[in-house]
Amino acid sequence: MTEKALDKFYDHAKAEDKWYRHWEESGYFKSRDDEDKQNYCIVIPPPNVTGILHEGHALNNTLQDVLIRYHRMRGWNVLWQPGTDHAGIATQFVVERELLEEGVTKEEMGRDKFLERVWKWKEEKGGHILSQLKRLGASCDWSRERFTMDEGLSRAVREVFVSLYEKDLIFRGKYMVNWCPRCDTALSNLEVVMPEESEAEKGLLYYIRYPLADGDGALTVATTRPETMLGDTAVAVNPEDDRYKNYIGKKVRLPLTDHKIPVIADPHVDMEFGTGALKITPGHDFNDYEIGKRHGLGAPQAIDKLGKMTDYVPEKYRGLDRYDARKAAVADLDTSGLLEKTEPYKLMAGRCYRCKVVVEPIVSEQWFVRVGPLAERAIEAVRSGKTVIVPKAQEKEYYNWMENLRDWCISRQLWWGHQIPAWYCRDCHEMTVSRHDVTKCRHCESENIERDPDVLDTWFSSALWPFSTLGWPDETPELKRFYPNAAMVTAYDILKFWVARMMMMGVQFMEEVPFTDVYLHGLVRDELGRKKSKSLGNFVDPIMLIDEYGADALRFTLAIETFTGRDVRLGEERIEETKRFINKIWNASQFTLSNARDFDPSDGTEPDLSPADRWIRSRLNETVKAVHEHVGTYRFHEMADAIYHFIWDEFCDWYLEWTKPELYNSSSPGRKKAAQATLLYTLDASLKLLHPIMPFLTEEIYQATPDSGASIMVEAYPEADDGNKDPEIEAGMALVREIVIAVRNLRSENLIPASTKTDVTLIPDDDFARETAERLQGYILSPPQVQAASLEITGPGVSPDEKAVTRRCGPIQVCLDIAGLVDAGEEIARIGKETAKLEAELKKVMGKLGNEKFLSKAPPEVVAKQEEIKAELEARLETLRETRSRMELIRDKG
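Here the structure is a predicted model, which means the values were calculated and not measured.

K.L.:
Looking at this structure, I do not really get the sheet that holds strand 12 (residues 260-265). What am I missing?
P.N.:
Each strand in a sheet pairs with another by means of backbone hydrogen bonds, the pair being arranged parallel or else antiparallel. Pairing within the open sheet is mixed, and its 4 strands lie in the order 11-12-10-13. Pairing within the sheet leaves two strands with one partner each, and these edge strands are strand 11 (251-253) and strand 13 (277-280). In this sheet, neighbouring strand axes are inclined to one another by 30° on average, regardless of whether the strands run parallel or antiparallel. When strand 10 (residues 234-237) meets strand 13, the two strands line up antiparallel, connected through 4 bridges. Residue V235 lies in a different strand from strand 13, and its bridge partner there is K279. Relative to strand 13, helix 8 (residues 286-295) is tilted by about 85°, and along the sheet it contacts strand 12 and strand 13.

Here it is in structure tokens:
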């Protein structure tokens, strides 16, 4: 064969740059349209045009790329559709900040000039994340890159809006919405980030007295937001609460104001919270708004859209920031004797997902989608199995969300985005909604019209992504070929944000689900299970990891840590382990290629497969089967783990060692040729199995193999070949491995020096076990760690020497004669010291785990770590005790 030597060490940076350019320039990423092939499409969850790559992106796009490369190698028509989201709030926020640094506001520029500036920013600075995805190895069809505000997608958005409006599924009305005072816009429920329990802020629960209007006592209510009290319209109690039945129908004086408000009964009131009496502020709380509607209460606005107190409140507080008003109101309540007490309370305040400011619920006129009818069809699509959610446990979350949806607020008070296609007539006061821009009122034909200034929620356009990116509303070949998409891969926290909305829009406008599978992976956390955040200092830039370890090391670590239904724990120590795996593959490849230099498949020699050759081919066949099964069920950990153990354990650690005699010492040309052929065959298949996860390394090695083509990524993925299946040889070699491992462990446990040889005796239970051991004894002796001075295989029923140490390996007992090889007395003394040390460590750990104070205050990951240490110490102590028993036996029997 022609020699194509590998460098001494793998240079990931050099390989990544070289091969990505080669793939892209060769057009390998582009979709194919072979009518005889199956179609496979994934649309990338479009990252914000303002975004930069984080560890969650790295995980999500690695898993998508694994699926894409796998199906591409299987010969399918594959499309990985890339693109970015215009990210209304985020992008406007970034550009406004730039303008402020220049001393200009968007209002001073005017809408048209401001939008010109945003488009310029997008062209010059936006979409940086796509170049970072290329560093990761993402094999998207970049020739089809889309943007949620490009011409085609904008037409799709307009068509969907008008169509839903015509079907009375979009309407304009006054409702309670989440409002961001910083971004000055309404937000959907999903754009409000609720903190985890561990992230809750330290706050106070204020107990305020509301005097009865008739002067006979007071009702005390508890609230975390005393400033909203100034907008109260009632105090509510539960009708089943005996403490307050006599108060229902009376009135109380609203503290710090001249208002008198009623005491009402409503079953919504939680009798266990605070005092059981609830202040009702319909203008600033979703639940209070619903109670207010039930009881015919008004919804006065005490706080405006900028988070400042309105003219509705007493003059003293008008214009104050809501938090300053809180301080002032609490001081005045205290002075007037109406503040009964305060107590610590964890605040779970929702924040704007973009600027992190605490949102303010207010009543505002907005555009809404009537989601009930859309949700019903999307629910049925999952119940009927048209779309399968993996893991299945997430189906419950999907149903719970969809069955309890509020109407979706889709208008945003921004300039950057899809402007709502509605025009208002100043003369007849009617509204015109149109697929095309209009110049006159549809009702009275007046030209005195103005367009609604609001834009659509960014999620509205991204909900159309699975079909708008394929050319809808036109009937394009891509739409016909790739809709519905094969799979949607995203994090489980996006199920409500995006997946549910795509399901609703897909079934409504395409009369078909947007994708047949939804795979929901976990979130990336650190090695202790903590959420990634800059404040904890555990956030790591994936590009830095790629620079340090290579894209393949990061990708493989993410894949092998992706257990279905669990979050992904990512630490640099784990990536370093993968780097060692890469080195292992590189060294094995060098060994294979160097030992196959003189391999000539056409020299006329008939290959003679050894048991080791038959074994590795059979194991490869089983691994190929397992990998196909794991990919088909989205078990990425199992896929990566199967490939890892085959390459590291079976190919590198066992087969390469077992085949050396055939390569170096065999007197049979047929045996050597079979070994060389098997080495090359196994390496080639291993590289192809691994390619979807480690594309760069596998391409670099593949190009050095004798029969390499233009690229490994367009080679056929390995398929199972049951002609290689050999259960008998697998069982025999499995027994050999057990025996070798038993000898190694016995030597280690009994502290036999590596250079000292021992006598090994195998006692089989039956003739079959004896024959298997005799036939394969060369493989038992070949690993250097065995260091056998002699190997005796007895007949069944023989008793082991009483001074020997033994280990049971299925139908064979392994005996190691260690008499005279160790000083039993010295070892007993050493073991005693080591045991005492470990017992002291175990006592400390047990003390912590038995301490209720520690268990109640320590984070779960800290407790789990202590449990892990405990288990390890107990295992080590058990091994020491067993070793001591053997040494005492040797000592006592002289």
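K.L.:
I would appreciate a short explanation of the packing of helix 26 (residues 824-849) against helix 28 (residues 860-892) in the present structure.
P.N.:
When two helices pack together, their arrangement is given by the angle between their axes and by how far apart the axes lie. Running from N to C, helix 26 and helix 28 point in directions that differ by 160°, and their axes come no closer than 9 Å. In terms of orientation, helix 26 and helix 28 fall into the roughly antiparallel class. The element helix 26 and its partner helix 28 pack so that their crossing is left-handed. Here the residues of the contact of helix 26 with helix 28 are counted per class, giving 15 nonpolar, 4 polar and 13 charged.

K.L.:
Honestly, helix 6 (residues 128-136) in this entry has me stumped. Any pointers?
P.N.:
Turn by turn, an α-helix covers 3.6 residues, leaving residues three or four places apart pointing in a common direction. Looking only at helix 6, the buried set comprises I129, L130, Q132, L133 and L136. What you see down the axis of helix 6 is that its buried residues fit within an arc of 160°, all on one side. Where helix 6 is buried, its residues contact helix 2 (55-73), strand 3 (83-84), helix 16 (542-549), helix 17 (551-560) and helix 22 (695-702). Just downstream of helix 6, G137 is the residue with a positive phi angle, here 105°.

K.L.:
Mind showing me how you'd approach a negative patch on the surface here?
P.N.:
A cluster of like negative charges, contributed by E527, E548, E572, E573 and E576, occupies part of the molecular surface. With 3 residues, the top contributor of residues to the negative patch is helix 18 (residues 572-594). Structurally, E573 is set in helix 18.

K.L.:
When you look at the side chain of Q92 in this model, what are you seeing that I'm missing?
P.N.:
Of note, Q92 is situated in helix 3 (residues 88-101). Assessed through its relative accessible area of 3%, Q92 is described here as buried. Filtering out sequence-adjacent residues up to four positions away, Q92 remains in contact with A87, K106, F114, L414, W415 and W416.

K.L.:
Honestly, the sheet that holds strand 5 (residues 170-180) in this entry has me stumped. Any pointers?
P.N.:
Pairing is antiparallel in the open sheet, where 4 strands are placed in the order 6-5-16-18. The open sheet is flanked by strand 6 (185-187) and strand 18 (408-409), the only strands paired with a single partner. Inspection of the sheet shows strand 5 paired to strand 16 (residues 360-369) by 10 bridges, in the antiparallel sense. Within the sheet, the bridge partner assigned to V177 lies in strand 16 and is I362. Its contacts with the sheet put helix 8 on strand 5 and strand 16, and the angle it makes with strand 5 is roughly 135°.

K.L.:
Just to check I follow, could you spell out the nonpolar core for this structure?
P.N.:
What tends to happen in soluble globular proteins is that the nonpolar side chains get buried as a cluster. The biggest cluster of nonpolar side chains holds 142 residues, and the ones touching the most others in it are Y40, L554, Y655, L762 and V814. When residues of this core are assigned to their parent elements, the largest contribution, 15 residues, is made by helix 20 (residues 636-664). Once you skip the residues sitting within four places of it in the chain, Y40 turns out to touch L67, I68, H71, W76, N77, V78, L79, F482, A486 and A487. Formed by 63 residues, the second largest nonpolar core is a distinct cluster that contains A422, W465, F467 and M503.

What counts and what doesn't
- Residues numbered from 1 in each chain as written.
- Predicted model: local features only at pLDDT ≥ 70, side-chain atom pairs only at ≥ 80, totals over all residues.
- Heavy atoms only, no water.
- Pairing = 2+ DSSP bridges.
- Helix = DSSP H or I, 4+ residues; strand = E, 2+ residues; numbered from the N terminus.
- Axes fitted to C-alpha atoms, helices over the stretch in contact; angles between N-to-C directions.
- Contact = heavy atoms within 4.5 Å.
- Parallel < 35°, antiparallel > 145°, perpendicular 65-115°, else oblique.
- Left-handed = near helix turned anticlockwise from the far one by under 90°.
- Nonpolar A, V, L, I, M, F, W, Y, C, P; charged D, E, K, R; others polar.
- Buried < 20%, exposed > 50% of the residue type's maximum accessible area, 1.4 Å probe, protein only.
- Arc of directions from axis to C-beta.
- Patch = residues over 30% accessible without salt bridge, like charges linked within 9 Å, V, L, I, M, F, W, Y side chains within 5 Å.
- Areas by Shrake-Rupley, 256 points an atom, 1.4 Å probe, with all protein chains shown as cover.
- Salt bridge = Lys/Arg side-chain N within 4 Å of Asp/Glu carboxyl O.
- Lys, Arg positive; Asp, Glu negative; His and termini not counted.
- Charge placed at Lys NZ, Arg CZ, Asp CG, Glu CD.
- Core = buried A, V, L, I, M, F, W, Y, C linked by side-chain atoms within 4.5 Å.

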